[in-house]
Amino acid sequence: MTLDPAVPAEAGRGLVMVYMPDRGVGDLTWHLPTLRAIAAQTPEKTVLLAARPSSRARDLLGAETCITAIDYLEYRSGTWRNLQEIRDFHALCRARRPRAVWILEKIDRPAIGAALAGVPDRRGFGMGHAQQRWLTHGPYLPKAMRPAHRIDKLAAFEAAHGLAVTSREPAMNPTRTALETVDARFGALPRPWVVYGVGASEARRMWPLDGFAALSAALADKGGTRFWLGGFEDKARVDALLAAGSPDGVTELNVCDLKFDVGSALMARADLFVGNNSGPMNLSAAVGTTTLGLFGPDPLLDYSRHLHTLATDDLSRLDAASVAVRARALLG
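First, a word on scope: everything that follows refers to the structure included in this document. (Residues numbered from 1 in each chain as written. Predicted model: local features only at pLDDT ≥ 70, side-chain atom pairs only at ≥ 80, totals over all residues. Heavy atoms only, no water.)

**As for the sheet that holds strand 6 (residues 193-197)**
Stage number 1. Read across the sheet, six strands follow the order 8-7-6-9-10-11 without closing on themselves; strand pairing throughout is parallel. Of all the strands in the sheet, the pair left with one neighbour each is strand 8 (251-254) and strand 11 (307-311). Adjacent strand axes in the sheet meet at a mean angle of 20°, parallel and antiparallel pairs treated alike.
Stage number 2. Sheet analysis places strand 9 (residues 272-276) next to strand 10 (residues 291-295), joined by four bridges and oriented parallel. Directly across from valine 274, in strand 10, lies its bridge partner leucine 292.
Stage number 3. Where helix 11 (residues 279-286) meets the sheet, it contacts strand 7 (225-229), strand 9, strand 10 and strand 11, and its direction lies at approximately 155° from that of strand 10. (Pairing = 2+ DSSP bridges. Helix = DSSP H or I, 4+ residues; strand = E, 2+ residues; numbered from the N terminus. Axes fitted to C-alpha atoms, helices over the stretch in contact; angles between N-to-C directions. Contact = heavy atoms within 4.5 Å.)

Spelled out as structure tokens, the structure:
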């Protein structure tokens, strides 16, 4: 458990805490409408957020005015993980002293920790798990929703608790500092700016790099700049591909080393994002950039008007020409 270093423990006492245990960056964006709705119904209009470090919440939510502090709880594994997670959440509640905890999941471990710490008001998904027998207060989601997508669960939870959410758009704002960094570093580069999201959490979600290279060639007449964005593990293979050269009239940059806050700001400044079903794809839509998501066998997402999708059974066989047609249309 790591408290937000910028916020003393006593500064958040008596506030409502929201726990978002999902680990992904995309998951973080999906939860923002719920988080804001919970904050809006409090007298303070702000909440404490407890999240996983892998969500990059501190990097990405620096401009979110409804959050007082962002504390991190590590994902635990191994034989004693349940006890460790109970201990972690108990310690967090003892440090922050929230008056209520909203657990945006069905798991019982944080509810046990909150109950042992004396938090009187505890809410959670329930869904037939131990959490709803005595650890949290309803209303709960029905068991039938267990296989539903997280976005659908959040919408049902909002409705059950009377939370006012009129749109699922994350409407995330990068920090001013991150935007200024992007403007200073890349502002002179030619337009249009197209960001390629080349990474993903699983190989089956990844369009081969050769596909992105063929897309650059197909869109060469548009000129401009192509930003190749992925994780640190993608940097070497992108460097190797770009060493072969770029299409005439096109500037290509490997930006796999960007920090998450600057990466989100770059996407906010871009004209188009084309990339795999991944955290950056969701971030791009969240900051309001026209986004073309490349989906394999996973269910398509339609929560944002900025997110357009192209689906195939096997991304390794996705034709660059078909991607170029969609990208060209979205570039206008």
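There is more to say, and it comes next.
**Side note on unusual backbone geometry**
Stage number 1. In the segment running from glycine 138 into proline 139, the intervening peptide bond is cis, with an omega of 5°.
Stage number 2. Along the polypeptide, proline 139 turns up in the loop between helix 5 (131-135) and helix 6 (150-160).
Stage number 3. Going from arginine 191 to proline 192, the amide bond is cis rather than trans, its omega being 5°.
Stage number 4. Relative to the helices and strands, proline 192 resides in the loop between helix 7 (176-186) and strand 6.
Stage number 5. Positive phi outside glycine occurs at methionine 127, with the angle close to 55°.
Stage number 6. Within the fold, methionine 127 resides in the loop between strand 5 (121-124) and helix 5.
Stage number 7. Look at methionine 127 and you get buried, because its relative accessible area is 0%.
Stage number 8. The phi angle at alanine 171 is positive, at roughly 50°, despite the residue not being glycine.
Stage number 9. You can see alanine 171 is positioned in the loop between helix 6 and helix 7.
Stage number 10. Among the residues examined, alanine 171 registers a relative accessible area of 45% and is labelled partly exposed. (Buried < 20%, exposed > 50% of the residue type's maximum accessible area, 1.4 Å probe, protein only.)

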